[in-house]
Amino acid sequence: MKVLLQHVLPRLGMTRFFGWLAEIRIKWIKNYFIRRFIRKYNLNLSNADRDSIADYENFNDFFSRKLKKQARPVDAAVDSLVSPVDGYLYHYGTVEENSMFSAKGFEFTLKDLLVQPSYAAFFIQGSFFCMYLSPNDYHRVHIPLAGRLLEMTYVPGDYYSVAPKILENIPGVFA
């Protein structure tokens with residue numbers, strides 16, 4: 001039924017509807033969604049920078065909550081590796097011409113994952129890692145090294161749920 005709904009319901013309309021819900025600032029509605037999410041995923045908020053759900057403007061503000069400064073001390077040693085996210089590391093290595101990358105049980109080539117397949121050559125012989133962020137993980141991404149953003153690219157396409165039943169039945173959701 002969930003898979004059928006993904007094909008029948010207007011995805012753009014649904015995306016906008018759930019985006020609107022996540023931005024609601026009416027106290028009892030946004031608190032309901034936040035409490036339900038906390039219960040469903042058994043979240044531990046002891047590291048969150050705000051103690052009360054009443055302190056969040058809306059669900060999106062809660063979902064992308066900041067942590068207390070001391071929550072994730074960064075190892076400054078030159079030989080340390082610091083993760084940019086909370087999550088489970090499940091795949092890493094060197095990018096080869098025909099490397100396959102796994103995401104939730106599906107395999108992709110480098111060209112599958114890039115908007116401009118011609119960019120693939122830039123990444124050959126570079127390093128990669130794939131991490132899974134579950135709903136109860138902290139959802140901010142940090143750059144644990146010196147650097148600057150050089151380019152951002154809009155990725156067009158259809159947006160689907162990433163629920164397991166959807167992924168099993170709609171190939172290429174991540175590509």
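Residues numbered from 1 in each chain as written. Predicted model: local features only at pLDDT ≥ 70, side-chain atom pairs only at ≥ 80, totals over all residues. Heavy atoms only, no water.

Notes on the pattern of salt bridges
Point 1. Taken as a whole and assessed by the stated rule, the structure comprises 4 salt bridges.
Point 2. E57 is the salt-bridge partner of R25, the closest N and O atoms lying 2.3 Å from each other. Residue R25 is located in the loop between helix 2 (11-22) and helix 3 (27-41), and its partner E57 is located in the loop between helix 3 and helix 4 (59-63); the two are separated by 32 residues in the primary sequence.
Point 3. Looking at E57, the relative accessible area reads 43%, which means it is partly exposed.
Point 4. Linking D49 and R50 is a salt bridge whose minimum nitrogen-to-oxygen distance equals 3.5 Å.
Point 5. Overall, the relative accessible area of 22% leaves R50 in the partly exposed class.
Point 6. Salt bridges sharing common partners tie together D49, R50 and D61. (Salt bridge = Lys/Arg side-chain N within 4 Å of Asp/Glu carboxyl O. Helix = DSSP H or I, 4+ residues; strand = E, 2+ residues; numbered from the N terminus. Buried < 20%, exposed > 50% of the residue type's maximum accessible area, 1.4 Å probe, protein only.)

Observations regarding the side chain of D61
Point 1. With respect to the helices and strands, D61 occurs in helix 4.
Point 2. Polar side-chain contacts of D61 include one of 2.9 Å to the backbone nitrogen of E57.
Point 3. With sequence-adjacent residues up to four places away left out, D61 is seen in contact with R50, D55 and Y56. (Polar contact = N/O pair within 3.5 Å; in protein donor to acceptor, adjacent residues only side chain to side chain. Contact = heavy atoms within 4.5 Å.)

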